Amino acid sequence: MVAKKRKPTGKLIAYGLGSCALYSSVYYFQDLIMEHFAKGGLYTVLPIATVFLFSWIHGTFAGTLWQVLGIEAVKKNPLQATLQAPSRTDARTRAAA
Amino acid sequence: MDMEILNDATKFIQLDPAGIVFLFIVGFIGGLVSGFIGSGGAFVLTPGMMSLGVPGTVAVASNMCHKFPKALVGSIKRYRYGQVDIKLGLYMAAFAGIGVQLGIRIQNQVLAAWGQAGSDLYVSLSFVAVLVVVGGYVMMDAMKSARTSCATEQTCSLALRLQKIELWPMISFKRANLRISLWFLLPVGFATGMLAATIAVGGFIGVPGMIYILGASSLVASASELVIAFVMGLAGSINWAMHGMVDIRLTLIILGGSLLGVQLGAIGTTFVREHMIKVVMGSIMLIVAVSRGLAMPKYLAKLGLMEVTPATVAVLEKISFGFMVLSLGVGAFIILGSMIKGRRALSAVPQGQEA
């Protein structure tokens, strides 16, 4: 019998709160954000860094959500053969032995 | 695109709850499709944003700024499943980068010669030609794969023949398990970039190219496409952001949905039969071809090549947009359906679960 794994509910809540905090900040400070984020030039780092931050926090929340809901990847799928293309015969010429 | 005409006052729209929900949902479905087939979503998101009143350049820029983090998250997930060939993705991205530059130059020349209507017609013709030819081929191959009794996808005979040609330099790709001349890799990557610059979805040539010309499996091709999308998306986004064209609010709303969707799509690839990737890709491409075909009379009329009343154009535009949304909906429906079916089939067989 396979032991039931504990679901990462704590992690889900933590990253969920983080994600809410980030999105709320963007909503409440949108005027300030829009004023600076679209200035161009060196300010380019602002939108790029922001999406990386959201990818980390919200991305982790999203991945954990699917895990907690029980939707997880399958390691060895008998419906799929190997991920790789079939083996090739090596037709390269060889040096004389 | 003429960026100088946009001033700060008109660039960024006021967001309302309906617009936010719309972008989140479309972002989710676009992410789901991307996570599964490696590309998609952009062709609905950009016009979708424009339908909310967002100027074209801001829509393209904001969409691209969500695309690369989505692709990053999707590729990390699929890398953990052993599906991503990073080397293949990087080589393709390098050649695609060159293709993008040529694609942009051609676009500018068409714009200069025939104006905006001519440029739009060129884009639509490119869309329809590529989607019908490539999408039709992918769909036929998917139907053939579905009928075979074995679970293994067969590597296309063209790819096997090309792999046998010893044309220096030969490059080996470990994860994709293929060895092929750089001279066959170059045009596939190049065409991906050119198409990305023209219709914003390079993966419609990139993924079939990797499958049928290079000989990668559907899983590896669609997963490695996410690497290409990340590299090109990041480069493009930096460029747009430097011109101040990214509306970060739109990007983050779409990202909110797409980070959920892309991971679900990635998970889904592990429990379906491999040919489903081709089924979803072929379906989406053919429906979008219809959508773009319906948009063509408008540009033909503007160029004086066809007689169409403004009322007819308005109706055709609405139907065209409807078909575009339908394509994503159908894609999502097939993905979720095949995931449910795949899970049921697997629950009858003991297998390992991801940690």
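Please refer to the structure placed before this passage.
Along each chain, residue indices are assigned from 1 in the same order as the chain's sequence is written. All chains are assigned letters beginning with A, and all ligands numbers beginning with 1, in the order in which they are written. Selection of residues for local features in this predicted model requires a pLDDT of at least 70, selection of side-chain atom pairs for listing and counting requires 80 or more, and totals for whole chains, interfaces and linings are taken over all residues.

## Here's the deal with the overall build of chain B
Put simply, the rule reads: Comment: elements are numbered from the N terminus, with helices defined as DSSP H or I runs of at least four residues and strands as E runs of at least two. Radius of gyration: over C-alpha atoms. The globule rule applied is 2.2 Å multiplied by the number of residues raised to the 0.38 power.
Helix and strand content of chain B: twelve helices and two strands. Traced from its N-terminal end to its C-terminal end, chain B shows the element sequence α-α-α-α-α-α-β-β-α-α-α-α-α-α. Against the 2.2 N^0.38 benchmark of 20 Å for 355 residues, chain B shows a C-alpha radius of gyration of 20 Å, consistent with a compact globule. Dimensions along the principal axes, computed over C-alpha positions, put chain B at roughly 55 × 45 × 40 Å.

## A word on unusual backbone geometry
Residues and elements named next belong to chain B. Quick note on the threshold: Using C-beta atoms placed from the backbone, we call a residue buried if 20 or more other C-beta atoms fall within 10 Å of its own, exposed if 12 or fewer do, and partly exposed for counts in between.
Note the cis peptide between Trp168 and Pro169, where omega equals 0 degrees. Here Pro169 is to be found in the loop between helix 6 (157–164) and strand 1 (170–173). Even without being a glycine, Asn177 presents a positive backbone phi close to 55 degrees. Relative to the helices and strands, Asn177 is located in the loop between strand 1 and strand 2 (178–181). You can call Asn177 buried: it has 20 C-beta atoms within 10 Å.

## Describing the packing of helix 5 (residues 86–147) of chain B against helix 9 (residues 218–242) of chain B
Residue and element names in this part refer to chain B. Filter applied, for reference: Lines are fitted to the C-alpha atoms to define the axes, a helix being fitted only along its stretch in contact, and any angle between axes, read from their N-to-C directions, falls within 0 to 180 degrees. In what follows, roughly perpendicular refers to angles from 65 to 115 degrees, roughly parallel to angles under 35, roughly antiparallel to angles over 145, and oblique to any angle outside these ranges. For a crossing to be left-handed, the near helix must be turned anticlockwise from the far one by less than a right angle; the clockwise case is right-handed. Contact between two residues is assigned whenever their backbone-derived C-beta positions fall within 7 Å. Three classes are used: nonpolar for Ala, Val, Leu, Ile, Met, Phe, Trp, Tyr, Cys and Pro, charged for Asp, Glu, Lys and Arg, and polar for all others, with Gly counted as polar.
Direction vectors running N to C along helix 5 and helix 9 enclose 45 degrees, while the axes themselves pass 8 Å from each other. Relative to helix 9, helix 5 is oriented oblique. Handedness of the helix 5/helix 9 crossing: right-handed. From helix 5, Ile86, Leu88, Gly89, Leu90, Met92, Ala93, Ala96, Gly97 and Val100 reach across to helix 9, where they touch Ser224, Val227, Ile228, Val231, Met232 and Ala235. Looking at side-chain class alone, the contact of helix 5 with helix 9 contains twelve nonpolar, three polar and no charged residues.

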